[in-house]
Each structure stands twice: as structure tokens, then as C-alpha cells.
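What the coordinates show
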Amino acid sequence: MPKFDKYTLFARLFPAIIAAAPAIALAWAVIAGKEIKLVQAIAGTALTVLLMVFADVARRRGKAIEPRLIERMGGLPSVTMLRHRDMTFDAATKARMHAFLAEKLAEPAPTAEQEAAVPETADDFYRRAGSWLRENTRSKKKFDILFNENITYGYRRNLFALKWPALVLNVLIVIGSTAYLWLQAGPLDLLPVFVIAFLHAAYLAIFSTRSAVEEASRIYARQLLLSTESTELRKPPLAAAKPHTRKKKAEEPGALAT
């Protein structure tokens, strides 16, 4: 079995497995109770490759739809939330964010007037600020809340990207299973497949939505920008150690001369 890190497991692999759930249930129903030693051997050999492929497919599909999601939201939330006209943060908090990021980027943050006059230039600063923050908040231990919000966003984005292919797969499996039962007139051994397909479709229809992805994106962006308030990023650089010099006791404060 391959070892996946937490992000790959929850944000990439799980959406792919959920999307393929009816197909997995069908495969299990077909081979259950049969002599499948050869099938098991093949499956065991191929499982590692399949899991890696599933995770990669989910990521690729998620990345493919991301530009359209960002455009629909009016830009990256980490950019839009830094704009003076955005009301996500109060004015005092946003001023501290701008001052902190301006110091880190070694360039002045745009004023409200400059942002209104040349919004593209202001957004360029906000994009650079977001990139700086992402690069400097990669520690999963120090920024665990941010990391978990990133996982939630990745999970929702990738599952939403697989939603319609998964629903089409649902329909094909239900049609195929129905035809099998009709032609074979056998026991209802595929009944669990129908139940899983129904619940699967209901879950995707109700919970895997564009608004759910946008919500997760905004929550992640808000947490990313709030990291400017964290002590981890605001820690002053360690001062260079001063050379130790030994003083005579008579020169130390309060020392008695002998």
C-alpha cells in the first residue's frame, strides 16, 4: 500500500474514491463469493498504481476547474479580501495586514485612492502578498488550522470537479445492473449497488456544489490573511549573539572588591 501524506489522502484520494464508489460496489458485488485468487493477486499488485492514479486524476480535474471558480468569485479571495473596498476585515485589521505585507515585500501597499485609480496595480501587490504568505506558512505544525482549511478546500474542489463524471458513471451502472438483473433473472445480489448509487447521487447533488467550494476557498483565504497576526510570522529575527567577555568581579554591579 502506498503511503500518502494527509493532504493527498483527504484532498485528492478520498474525492476520487467517493466519485468511483458505485463502480467499486459493483465490482465487489460481482466477484464476492467466487473463487477469485487470481483476481485478488492482480488487484493486490495493481492497487498501489490505481490509488496513485485516482489521486492524480482528482488533482488534475480540480486544477482544471479552478480558473473558472476564481473568475466567478471576482478573483482569488486572498486578493479580493485585501482590497480596501472589501468588508471581510475591519479597517484597523486590514491596515495592520497591509503594513506587515508591505514590510515583507519591501514595497508600499496601495492606498484606497491608488487602488481605485489603478486597481490592476493594487491587485498585483495583493497577489505577491498572497504568494509570500503561502510560501511562509507551509509548516503544518505551526499553521495547523490553515493547513486543515486548505485540505477542506482541496477536498471540495476536487470532488466538485469529479461530480458530473461520477453522476454519469452512476447512471451507467444503474442501467447496466438493471439490464443484468432483467436478463439473468437471478437473485437480487446487486441490490446494494442500487442503494449505494442512490445515496451517492444524492450526496453529490446536495453537498458537492460550487457554493460549497467557494465557501471553503474564502475560509482558507481568510485564515491565510489572519496568519499575518500570528506570533510565528511576527517574530523578530534572532539577534546575533554578542561575544562573551569576562569581567572582573570588582567591575560587576554590586560586587565587593577584595
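To keep things clear, this report deals only with the structure shown in the data block. (Residues numbered from 1 in each chain as written. Predicted model: local features only at pLDDT ≥ 70, side-chain atom pairs only at ≥ 80, totals over all residues. Heavy atoms only, no water.)

Further remarks concern the overall build of the protein. Along its length, the protein carries twelve helices and zero strands. Going residue by residue from the N terminus, the α and β elements of the protein occur as α-α-α-α-α-α-α-α-α-α-α-α. Across the 258 residues that make up the protein, the buried fraction comes to 35%. Pairs at least 24 residues apart make up 77% of the contacts formed inside the protein by residues separated by at least 6 positions. Here the protein has roughly 16,600 Å² of accessible surface; of this, 63% comes from carbon and sulfur atoms. (Helix = DSSP H or I, 4+ residues; strand = E, 2+ residues; numbered from the N terminus. Buried < 20%, exposed > 50% of the residue type's maximum accessible area, 1.4 Å probe, protein only. Contact = heavy atoms within 4.5 Å. Areas by Shrake-Rupley, 256 points an atom, 1.4 Å probe, with all protein chains shown as cover.)

Here the focus is the packing of helix H7 (residues 119–136) against helix H11 (residues 210–226). At a closest axis distance of 10 Å, the pairing of H7 and H11 adopts a crossing angle of 80°. In terms of orientation, H7 lies roughly perpendicular with respect to H11. Counted together, Gly130, Leu133 and Arg134 of H7 and Tyr220, Leu224 and Leu225 of H11 form the full contact between these two elements. (Axes fitted to C-alpha atoms, helices over the stretch in contact; angles between N-to-C directions. Parallel < 35°, antiparallel > 145°, perpendicular 65-115°, else oblique.)

A separate point is the side chain of Glu66. Tracing the backbone shows Glu66 in helix H3 (residues 37–72). Taking relative accessible area as the criterion, Glu66 reaches 14% and is therefore assigned buried. At 2.5 Å, the side chain of Glu66 forms a polar contact with the side chain of Tyr153. Among the polar contacts listed, one links the side chain of Glu66 to the side chain of Arg157, at a separation of 3.1 Å. Once residues within four sequence positions are removed from consideration, Glu66 is found in contact with Tyr153 and Arg157. (Polar contact = N/O pair within 3.5 Å; in protein donor to acceptor, adjacent residues only side chain to side chain.)

Relative orientation of the contacting elements helix H1 (residues 6–19) and helix H8 (residues 144–161) amounts to 20°, with a least axis distance of 9 Å. Between H1 and H8, the interaxial angle falls into the category roughly parallel. As H1 runs across H8, the sense of the crossing is right-handed. Along its contact with H1, which presents Lys6, Tyr7, Phe10, Ala11, Arg12, Phe14, Pro15 and Ile18, the element H8 presents Phe147, Asn148, Asn150, Ile151, Gly154, Tyr155, Arg157, Asn158 and Leu159. (Left-handed = near helix turned anticlockwise from the far one by under 90°.)

Moving on, we come to the nonpolar core. Grouped together as the largest cluster of nonpolar side chains are 22 residues, with contacts concentrated most on Leu82, Leu101, Leu133 and Leu225. Mapped by element, the contributors of at least two residues to this core are helix H5 (91–105), H7 and H11. Element by element, the count of residues in this core is highest for H7, at six residues. When near neighbours in sequence (up to four residues on either side) are disregarded, Leu101 contacts Leu82, Phe125, Ala129, Trp132, Leu133 and Thr228. Membership of the second largest hydrophobic core comes to nine residues, among which are Ala16, Tyr155, Leu159 and Ala166. (Core = buried A, V, L, I, M, F, W, Y, C linked by side-chain atoms within 4.5 Å.)

All right, on to unusual backbone geometry then. Positioned with a positive phi, Ala106 is a non-glycine residue whose angle comes to about 60°. Assignment of secondary structure puts Ala106 in the loop between H5 and helix H6 (112–117).

Shape descriptors only; they carry no functional weight alone.
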